[in-house]
Amino acid sequence: QFLLGESDVGQNRAEASQRVLAELNPHVVVAAHTGELSEAFLASFQVVVLTESPLEEQLRIGDFCHARGICFIVADAKGLAGQLFCDFGECFVVDDPAEGDPVRAAVQHISQGNPGVVTYMGAEDSRGHLFCDGDLVTFSGVEGMTELNGREPVPVHVLDAFRLEIGDTSSFSPYRCGGLVSQVRLPQVHSYEPLRRALAEPQIQVASPEDLPRSRSLHAAFQALHAFRGEQGRLPRPRAPVDAERVLELARSLVAQEGSLDEDVVRAFASVSAGDLCPMAAVIGALAAQEVLK
């Protein structure tokens, strides 16, 4: 919508958008494909993103991408609601699982014992604990208890804001002075479900637990919208009670537990689902683009 004008009415949207997109960055090749999304065509990509795609097509392409190890994303905005699904395969490695730089602190003392206790100096502007239980740490520049320098990362147990337990140091040399204790972040491996399985058992990300019932209702509403479109060949008419009630009936049939559907949310969603709003498209598009960069 951002890229099109009145002069583009009647043209293929991909071809009309391609011209403007290509001008944004001359170092990126932007090509328009107006043919079938065949397996032969899709096999050459690392990431596939679908939008405004029928559920049957999403399932077909989702199964293919999952089997081939191609990252697969579904992004859609309908009226005032949006959805984003990500399947990055069964073995997706996250090199840096946390935001910000790893924590480092100056060592003040390390006891000889089992477990050994590290006393460190926190930053003046730090609040709370620098480290968390289970964090992995390494040591460098320690004088006296040099056995710690260059060792493999060891897990810690937090005693308070300035003390950590690090395991058995009873056989090490006495600590004299100096040293840094540094947090180590190891890569994490995540496994993603294909769309077909995730639709039945969704893992919905919400800002707070109070938002979960509404999000589950919207999850069912999006599926009901696909069913309505397949049945009627169109989206529900704006503010048409008959269409909204039919979407609600279809949503009820998808929900296993009675009472777990917020019917007002489904009705409101159905009533405005035919609308396309630029701010909603911008938010969902930006989130999808961020996932593509991963």
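See the structure printed just above.
A short tour of the structure in this document, coming up. In this text the structure is predicted, and so the values were computed from the model without any measurement.

A few points about the overall build of the protein
Then step 1. Along the protein, the regular secondary structure elements total eight helices and twelve strands.
Then step 2. Taken over C-alpha atoms, the radius of gyration comes to 27 Å for the protein, far larger than the 19 Å a tight globule of 294 residues would show.
Then step 3. Seen through its principal axes, the protein has C-alpha atoms that stretch 80 × 50 × 40 Å.
Then step 4. For the protein, with 294 residues in total, the buried portion stands at 33%.
Then step 5. Put simply, of all contacts in the protein between residues at least 6 apart along the chain, 63% involve residues at least 24 apart.
Then step 6. Put simply, the protein shows about 17700 Å² of open surface, and 52% of that area lies on carbon and sulfur atoms.

A word on unusual backbone geometry
Then step 1. Across the junction of Asn 114 and Pro 115, the peptide omega takes the value 10°, indicating a cis bond.
Then step 2. With respect to the secondary-structure elements, Pro 115 resides in the loop between strand 5 (104-110) and strand 6 (117-121).
Then step 3. Look at Arg 239: it is not a glycine, yet its phi comes out positive at around 55°.
Then step 4. Here Arg 239 lies in the loop between helix 5 (212-232) and helix 6 (241-254).
Then step 5. Judged by its relative accessible area of 63%, Arg 239 is exposed.

Things to note about helix 3 (residues 55-68)
Then step 1. For helix 3, built from 14 residues, the straight-helix expectation of 20 Å at 1.5 Å per residue is met to within 8% by its first-to-last C-alpha distance of 20 Å.
Then step 2. Residues of helix 3 that are buried: Leu 55, Gln 58, Leu 59, Ile 61, Gly 62, Phe 64, Cys 65 and His 66.
Then step 3. Those residues of helix 3 that are buried lie in contact with helix 2 (39-42), strand 1 (47-50), strand 2 (71-78), strand 3 (81-87), helix 4 (195-200) and helix 5.
Then step 4. At the C-terminal side of helix 3, Gly 69 shows a positive phi close to 75°.

Some thoughts on the pattern of salt bridges
Then step 1. This structure, assessed with the given rule, holds 16 salt bridges.
Then step 2. Residue Arg 196 is joined to Asp 63 by a salt bridge in which the shortest nitrogen-to-oxygen separation is 2.6 Å. Here the residue Arg 196 occupies a position in helix 4, and Asp 63 occupies one in helix 3, the gap between them amounting to 133 residues.
Then step 3. Here Glu 291 makes a salt bridge to Lys 294, at a shortest N to O gap of 3.0 Å.
Then step 4. In this structure Glu 291 comes out as buried when scored by relative accessible area, which is 12%.

Examining the pairing of strand 9 (residues 157-160)
Then step 1. Across three bridges, strand 9 lies against strand 10 (residues 163-165) in antiparallel orientation. By the bridge assignment for strand 10, His 157 is matched with Glu 165.
Then step 2. Between the end of strand 9 and the start of strand 10, which pair antiparallel, lie two residues.

Describing the nonpolar core
Then step 1. Among the nonpolar cores identified, the biggest contains 20 residues, and Ile 110, Phe 131, Phe 139, Leu 164 and Val 181 are the most heavily contacted of them.
Then step 2. Breaking this core down by element, the ones donating at least two residues are strand 5, strand 6 and strand 7 (136-140).
Then step 3. Sorting elements by how many residues they give to this core places strand 5 first, with three residues.
Then step 4. Among the nonpolar cores identified, the runner-up in size contains 19 residues, and Leu 235, Ala 244, Val 247 and Val 265 belong to it.

Rules used in this analysis
- Residues numbered from 1 in each chain as written.
- Predicted model: local features only at pLDDT ≥ 70, side-chain atom pairs only at ≥ 80, totals over all residues.
- Heavy atoms only, no water.
- Helix = DSSP H or I, 4+ residues; strand = E, 2+ residues; numbered from the N terminus.
- Rg over C-alpha atoms; globule rule 2.2 N^0.38 Å.
- Buried < 20%, exposed > 50% of the residue type's maximum accessible area, 1.4 Å probe, protein only.
- Contact = heavy atoms within 4.5 Å.
- Areas by Shrake-Rupley, 256 points an atom, 1.4 Å probe, with all protein chains shown as cover.
- Expected span 1.5 Å × (residues − 1).
- Salt bridge = Lys/Arg side-chain N within 4 Å of Asp/Glu carboxyl O.
- Pairing = 2+ DSSP bridges.
- Core = buried A, V, L, I, M, F, W, Y, C linked by side-chain atoms within 4.5 Å.

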